[in-house]
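One-letter residues, chain by chain:
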Amino acid sequence: MNILPAKEFLKADLSLIIDVRSPREYAESHIVCAQNFPVLDDEQFQQIGTFYHKDSFGAKVLGASFVSQNIAKHLLNLKDKISPKKPVGIHCARGGMRSRAFFMVLQEIGYQVVLLEGGYKSYRKEVLRFLEQPPLHSFVTLVGQTGSGKSEIIQNFIDSLDIEGIAKHLGSSFGAICGEQPSVKMFQNLLFSRLRALENAPFVLVEGESKKLGNLILPTHFYQAYQNAPKILIVAPLEQRVQRIVAQYGKISLQFFENSMQKISPFMKKEFWQEAKEAFYAGNLTRVAEILLLEYYDKVYKKESYLCEISYRNLPQAIAEIQAFARDFYRLK
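Described in the following lines is the structure provided in the data block. (Residues numbered from 1 in each chain as written. Predicted model: local features only at pLDDT ≥ 70, side-chain atom pairs only at ≥ 80, totals over all residues. Heavy atoms only, no water.)

On the surface, Phe267, Val300 and Tyr301 cluster together to form a nonpolar patch covering roughly 280 Å² of accessible area. Mapped onto the elements, Phe267 comes out in the loop between helix 12 (254-264) and helix 13 (270-281). (Patch = residues over 30% accessible without salt bridge, like charges linked within 9 Å, V, L, I, M, F, W, Y side chains within 5 Å. Areas by Shrake-Rupley, 256 points an atom, 1.4 Å probe, with all protein chains shown as cover. Salt bridge = Lys/Arg side-chain N within 4 Å of Asp/Glu carboxyl O. Helix = DSSP H or I, 4+ residues; strand = E, 2+ residues; numbered from the N terminus.)

Structure below.
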């Protein structure tokens, strides 16, 4: 049986990683890019667990019956996804019966299959081990006022780590516009996966986010690494900043706006806070953005020290200047 520990499993050239855990387990967190082909659905998984305490042998028989039925269905769906010419990976929660059953069937058919030793639990240990160490990447950190275009640059730079995108939160009182955030475990998995993908990058571009984004907290060593990295101040005229904010936040609901305004009320003068609300009710989003930028964001967010200042005129120009700075700072070829 071809079994690999987590570190080697992740390095293997696999055409697909098959996660055979229940849909609920998979939804809570999973290996990035793994696809869910559960050998027990949520109801079956719970049923077997309950039955096991009463009759362990009977539970195994019933579980094997469920597993056999589900594997039979998955085989037809997998036929066009995997090939016997390239290995596939497979795992369950702890490397036990669920993954081994599917492994043996695939192997007997003629597929090349690699089993994750210790299952998803061992993968999580590898993630935590990695994140508990200082990253070896060379970071360049973008700082600047809200709406200056930092996120646009990050999203369009090849060797970047989009912390806001991974966390699904923009890191401010109005930042929860990206939908439901991933679980803590899934956030860690996503961060781990992206950092590994960038291990050979000449430098990694990040935004100078705070340690907490919504419900998620960044790993200490990673946070310290990009905070201590060379910083570039991105500067843009107020008019462009307002346009970006309106484009990004212009479709928020009344309830979301009022909840967010309530959070920032202690940090704004009452006259401006009230004016911003009235402008929102009147549909004047440009004025809302202008007030919030000038009377809230620009005043409460701390000014960062930086080594380089770039006036953001367009993406190619900004990226070229960032690359020139990084080449000089890190003495890249």
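Let us now look at unusual backbone geometry. If a residue is not glycine, its phi is most likely negative; likewise, a peptide bond is most likely trans. At Cys33, a residue that is not glycine, the phi angle is positive and equals roughly 80 degrees. Of note, Cys33 is situated in the loop between helix 2 (23-28) and strand 3 (35-36). A relative accessible area of 67% means that Cys33 is categorised as exposed. Positive phi, normally seen in glycine, also occurs at Lys168, with a value near 55 degrees. On the secondary structure map, Lys168 appears in the loop between helix 8 (163-167) and helix 9 (184-197). Its relative accessible area of 35% is what places Lys168 among the partly exposed residues. (Buried < 20%, exposed > 50% of the residue type's maximum accessible area, 1.4 Å probe, protein only.)

In spatial order, the strands read 7-6-10-11; together these four strands make up an open sheet with parallel pairing. Of all strands in the sheet, those bounded by a partner on one side alone are strand 7 (204-207) and strand 11 (308-311). Going from strand to strand, the sheet's axes swing by 30 degrees on average, the running direction of each strand aside. Of the pairings in the sheet, the one linking strand 6 (residues 139-143) to strand 7 comprises four bridges and is parallel in character. By the bridge assignment, Leu142 is partnered in strand 7 with Glu207. The strands touched by helix 10 (residues 220-227) are strand 6, strand 7 and strand 10 (231-235); relative to strand 6, the strand with the most contacts, the crossing angle is about 75 degrees. (Pairing = 2+ DSSP bridges. Axes fitted to C-alpha atoms, helices over the stretch in contact; angles between N-to-C directions. Contact = heavy atoms within 4.5 Å.)

Without other data, these values stay purely geometric and don't point to any function.
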